[in-house]
Amino acid sequence: MSPAELPAPFRSYQLDVAWDEMFSPDGTPRPHYQALYELMQQLPADEIRRRKQAADLSFLHQGITFTVYGREEGTERIFPHDLLPRIITNKEWTLIERGLEQRIIALNLFLKDIYNEGRILDAGIVPRDMVYSCKHFRRQMKGLRLPKDLYITVTGTDLIRHPDGRFLVLEDNLRVPSGVSYMLTSRQVMKKVFPQLFQQCGVKPIEDYPSALLATLRTLAPYGKHDPTIVLLTPGVYNSAYFEHTYLARQMGIELVEGRDLVVHDNNVWMRTTAGLKQVDVIYRRIDDDFIDPLAFRKDTILGVPGLFNAYRAGNVTMCNALGTGVADDKALYAYVPKIIKYYLGEDPILDNVDTYILTDDASRQHVLANLDKLVVKAVGESGGYGMLIGPHSTEKEREEFARRIQADPRNYIAQPTLMLSRGPCFVDGQVEARHVDLRPYILYGDKVTIVPGGLTRVALRKGSLVVNSSQGGGSKDTWVLYE
Amino acid sequence: MLSRVADSLYWMARYLERAEHTARLVDVHLNLMLDQSPITADRRWGRVLASLGSPLPAGDSASAYTHVQAMVFDAATRSSIVSCIMHARENLRQVREQISSEMWEQLNRMFHAVKRVQYEEMHDAHPVEFLAAIKEGTHLFQGVTDSTMTHGEGWQFIQIGRALERARCVATLLDVHFNEFYVPHDRHQEAADHLEWIGLLRSCTAFEAYCKAYTADLSPERIVEFLLLNSEFPHSVRFSVDMLQAALNALPEATASKKAGRVSRLAGRLRASLSFTPVDEIMLGGIHGYLDGIQRQCGQIHASAYQGYIDYPIDTAVLA
């Protein structure tokens, strides 16, 4: 069956080599999408459009927005959102869950190791210079022991789906991953928009994320303190994720503080309240390492708190995530994660990596330079879809530019094959069309690893585009993990 | 509660109170214009500007009404209605986790409605509908606040901001009005002036309430008594100061602070003056001086509340 024979509103739905979340290659809907498939044929396009407008308005009035940098006017935008859910079966999810748990435990052991004994470096599994040359390596963390040896409390790992249906890990975000509030609020909106579909499908709830996060943070209090004071440290109202910071603080019932609300005295951290100063024990920080303390890191910041790092080293306050975790999500070290898992856990990775060329290796570099038009090149320290070359969509000039940059600084780049991300159904101009998607589940690591079923599905709303980042025309979808 | 949060809630309340007051004042005067009062429009609008605390700059050639329009619509004018709403929202945005979602949604909705209005397009339009929407929106916001937010410390700071701003706005308005229209011992007012006294009462939503208390027989002394000293009318200065003192007194309990002594003394003194001074004495001593005293004391209360709760020096606090 060719895609053209699909019924309305699926007539312009594109099926080809990419894995499709909704349809089998022969054009029949997969069983877990059957209910949505039928509903879309019954609902008139106007009715769907009306529901879409109601959802957008609800996002705007609730102020569920993100900030676009570098524009004077209209700096707040609602998060682009597609109405149709991305659905994952319980079987697929169980595998993802196991794979992520394994990966996070191994990465945490890796961080503890490189900031202490460095056994994996001595064993030659991971090259020493690759760790020390990473721009997110923090020598200030050397020899510091953290409560329960936990470095990565909150992770958002980006997964994509290979054309053969396997889930692959594209990226680990171990510093200050964002987006979880969009996962939570879009679920609330979806329940209003498609109540009957929820009942038909049987969707696992995700609403306990804030309380799970709070419980996780609580286990990390210094000296095992029983009832710690926990705060969320935000860079402030002009940060692109500010909505998320307020949302999480409110849902957890903790104070949302800015750098100017905190004071360090005698290696203890205090916050300024109307009743005087109050001691702070755990900081869920949403400020990057660089900006957290002008005395220890960048001196030109006013976002952070002078002296905070010393209080941290003294063990009087816990910061989550720990500082220096960015070394483990460096895009070049990423290539070593399968070996890291094997080294610490003695297991094979449950979720595979995307093949990655390390460009400091001469043979790989020659191969990559000869095949730039087929590959994706990424700068190792960048995120948000910036500093990237997508070979098949690039011009001759761009490729020359990247070739020059790679030769000048091979450590700063990696290359990967151009991946056909899987596609899922999106509501576009009264039709249902296929768009590329990825998946970012959120992983919490305290006394145990907790992953709420689902995550943020990001979608490249522009036709044919493979870039899902919200700063570059991407949007989100609600992600449903089914009971069955 | 974080000091910064208290600061934001306090200012949010002041900005909204100011927006509401400005909207009502301009609306009342647009209405008075219809009755063709003999004073020229320019003089009227000059007085409105003075009542809002931003008198027409000397030697300005633009008409006063242009300035009034700016006081309503121009986001570049600092105390215009539009910028008050924007500032209120910006303050609220910084403390979103401290307030109810309903409060945020209401103010956010108002902000988006205000933002749509283009200043340039409004030059010829009479902004009556816009002003009505502002008054309604701020009332709605107050109702939502009172019924969905915990009446704890944060709410008390909102009360303080609202009461302080209201007391100052009404005092300024009275001062400007009396300066222009009050003639001592004059029992025979011009019909046109009569309308202006009604306008003064309406600017404080007080006309109907005044009539209930004194009948429609308007006398400046009674109007002062009502707008300044009435203990039951929500827009009187006395009522606002009562509210201010109640909120300040509720604070130390919530914050367990012992630094509140000075600010509650100041508020108590102002309240006592408003409770026990007879109106004849105020008129005899000169109303301008009395109103000036109120402004000064409000300023002191603001400064000392900041010193106690928000802007205290760190070194003494660490040692304590």
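Draft legend 1. Structural detail: the overall build of chain A. Each helix and strand counted, chain A has 13 helices and 23 strands in total. Over its C-alpha atoms, taken along the principal directions, chain A stretches across nearly 70 × 60 × 50 Å. Of all 484 residues assigned to chain A, the portion counted as buried reaches 61%. Put simply, of all contacts in chain A between residues at least 6 apart along the chain, 68% involve residues at least 24 apart. Accessible surface computed for chain A: about 19,300 Å², of which carbon and sulfur atoms make up 50%. Positive and negative side-chain charges in chain A, numbering 58 and 60 respectively, have mean positions lying 1 Å apart.

Draft legend 2. Representation of the domain arrangement of chain B in the model. All names here are of chain B. Once the domains are mapped, chain B shows domain 1 (1-149) and domain 2 (151-320). Counting residues at the interface gives 34 residues for domain 1, matched by 35 residues for domain 2. Its largest share of buried area at the contact with domain 2, domain 1 owes to Tyr10, Arg14 and Arg47, together 21% of the area lost on that side. Across the pair glutamate 196 and arginine 44 runs a salt bridge, and its minimum N-O distance is 2.8 Å. Counting the contacts that link domain 1 with domain 2 gives 13 residue pairs in polar contact (both at pLDDT 80 or more). Where the side of domain 1 that touches domain 2 is concerned, the elements lending two or more residues are helix H1 (3-33), helix H2 (41-51) and helix H6 (128-148). Of the residues forming the side of domain 1 that touches domain 2, the biggest block, 18 residues, is contributed by H1.

Draft legend 3. The domain arrangement of chain A, seen in detail. When cut into domains, chain A gives domain 1 (3-91 + 186-203 + 422-481), domain 2 (208-320) and domain 3 (355-417). Computed over C-alpha atoms, the centres of domain 2 of chain A and domain 3 of chain A are 38 Å apart.

Draft legend 4. Here's a closer look at the packing of helix H4 (residues 81-93) of chain B against helix H5 (residues 101-116) of chain B. All names here are of chain B. Interaxial distance between H4 and H5 falls to 10 Å at its minimum, and their mutual angle equals 145°. The handedness of the crossing between H4 and H5 is left-handed. Here Val82, Ile85, Met86, Ala88, Arg89, Leu92 and Arg93 of H4 come into contact with H5, specifically with Met103, Trp104, Leu107, Asn108, Met110, Phe111, His112, Val114 and Lys115. A class-by-class count of the residues in the contact of H4 with H5 yields 11 nonpolar, two polar and three charged.

Draft legend 5. Focus on the pairing of strand S3 (residues 81-88) of chain A. Residues and elements named next belong to chain A. Among the eight residues in S3, eight count as buried, and that is most of the element. As paired elements, S3 and strand S23 (residues 474-481) share five bridges and run parallel to each other. Opposite aspartate 82, over in S23, you have lysine 477 as the bridge partner.

Draft legend 6. Layout of the side chain of threonine 318 of chain A. Residues and elements named next belong to chain A. Looking at the element boundaries, threonine 318 is found in strand S12 (residues 318-320). Taking the relative accessible area as the measure of exposure, threonine 318 reaches 6% and is therefore buried. A polar contact is formed between the side chain of threonine 318 and the backbone oxygen of leucine 220, at a distance of 2.7 Å. If we ignore the near neighbours within four places in the chain, the residues touching threonine 318 are Pro147, Leu220, Ala221, Pro222, Asp281, Val282, Ile283 and Tyr312.

Draft legend 7. Summary view of the interface of chain B and chain A. Contacts between the two partners involve 33 residues from chain B and, on the opposite side, 27 residues from chain A. Summed over both partners, the interface of chain B with chain A comes to about 2,700 Å²; 49% of that surface belongs to carbon and sulfur atoms. The interface formed by chain B and chain A holds two salt bridges in total. Notably, a salt bridge pairs glutamate 258 of chain A with arginine 4 of chain B, separated by 3.4 Å at the nearest N-O pair. Counting across the interface, chain B meets chain A through 15 residue pairs in polar contact (both at pLDDT 80 or more). If one sorts the elements of the side of chain B that touches chain A by residue count, H5 of chain B sits on top with six residues.

Draft legend 8. Quick peek at the packing of aromatic side chains. Residue and element names in this part refer to chain A. Across all of its chains, the model carries 27 aromatic pairs over all chains by this definition. Here phenylalanine 10 and phenylalanine 23 contribute two aromatic rings whose centre-to-centre distance is 5.5 Å and whose plane-to-plane angle is 85°, an arrangement assigned as edge-to-face. One end of the pair, phenylalanine 10, is in the segment before helix H1 (34-42); the other, phenylalanine 23, is in the segment before H1, with 13 residues separating them in the sequence. Exposure class is identical for phenylalanine 10 and phenylalanine 23. Each is buried.

Draft legend 9. Spotlight on the environment of aspartate 293 of chain A. Residue and element names in this part refer to chain A. Residue position: aspartate 293 is located in the loop between strand S11 (282-285) and helix H10 (308-313). When the C-alpha atoms of aspartate 293 and phenylalanine 309 are compared, they prove to be 6.3 Å apart, with 16 residues separating the residues in sequence. The residues contacting aspartate 293, other than those within four sequence positions of it, are Arg298, Val305, Pro306, Gly307, Leu308, Phe309 and Asn310. Of the polar contacts made by the side chain of aspartate 293, one reaches the backbone nitrogen of glycine 307; its length is 3.1 Å.

Draft legend 10. Main features of the sheet that holds strand S16 (residues 388-390) of chain A. All names here are of chain A. With antiparallel pairing, four strands are arranged side by side in an open sheet as S14-S17-S15-S16. Among the strands making up the open sheet, the edge pair consists of strand S14 (357-358) and S16. In terms of strand pairing, S14 meets strand S17 (residues 413-417) through two bridges, oriented antiparallel. The partner of tyrosine 357 across the bridge, within S17, is alanine 415. Along the sheet, helix H13 (residues 396-408) makes contact with strand S15 (375-379), S16 and S17, crossing S16 at roughly 130°.

Basis of the calculations
- Residues numbered from 1 in each chain as written.
- Chains lettered and ligands numbered in written order.
- Predicted model: local features only at pLDDT ≥ 70, side-chain atom pairs only at ≥ 80, totals over all residues.
- Heavy atoms only, no water.
- Helix = DSSP H or I, 4+ residues; strand = E, 2+ residues; numbered from the N terminus.
- Buried < 20%, exposed > 50% of the residue type's maximum accessible area, 1.4 Å probe, protein only.
- Contact = heavy atoms within 4.5 Å.
- Areas by Shrake-Rupley, 256 points an atom, 1.4 Å probe, with all protein chains shown as cover.
- Lys, Arg positive; Asp, Glu negative; His and termini not counted.
- Charge placed at Lys NZ, Arg CZ, Asp CG, Glu CD.
- Domains from an automatic or database assignment.
- Buried area = accessible area lost by both parts, 1.4 Å probe.
- Salt bridge = Lys/Arg side-chain N within 4 Å of Asp/Glu carboxyl O.
- Polar contact = N/O pair within 3.5 Å; in protein donor to acceptor, adjacent residues only side chain to side chain.
- Axes fitted to C-alpha atoms, helices over the stretch in contact; angles between N-to-C directions.
- Left-handed = near helix turned anticlockwise from the far one by under 90°.
- Nonpolar A, V, L, I, M, F, W, Y, C, P; charged D, E, K, R; others polar.
- Pairing = 2+ DSSP bridges.
- Phe/Tyr/Trp six-rings, centres within 6.5 Å; stacked < 30°, edge-to-face > 60°.

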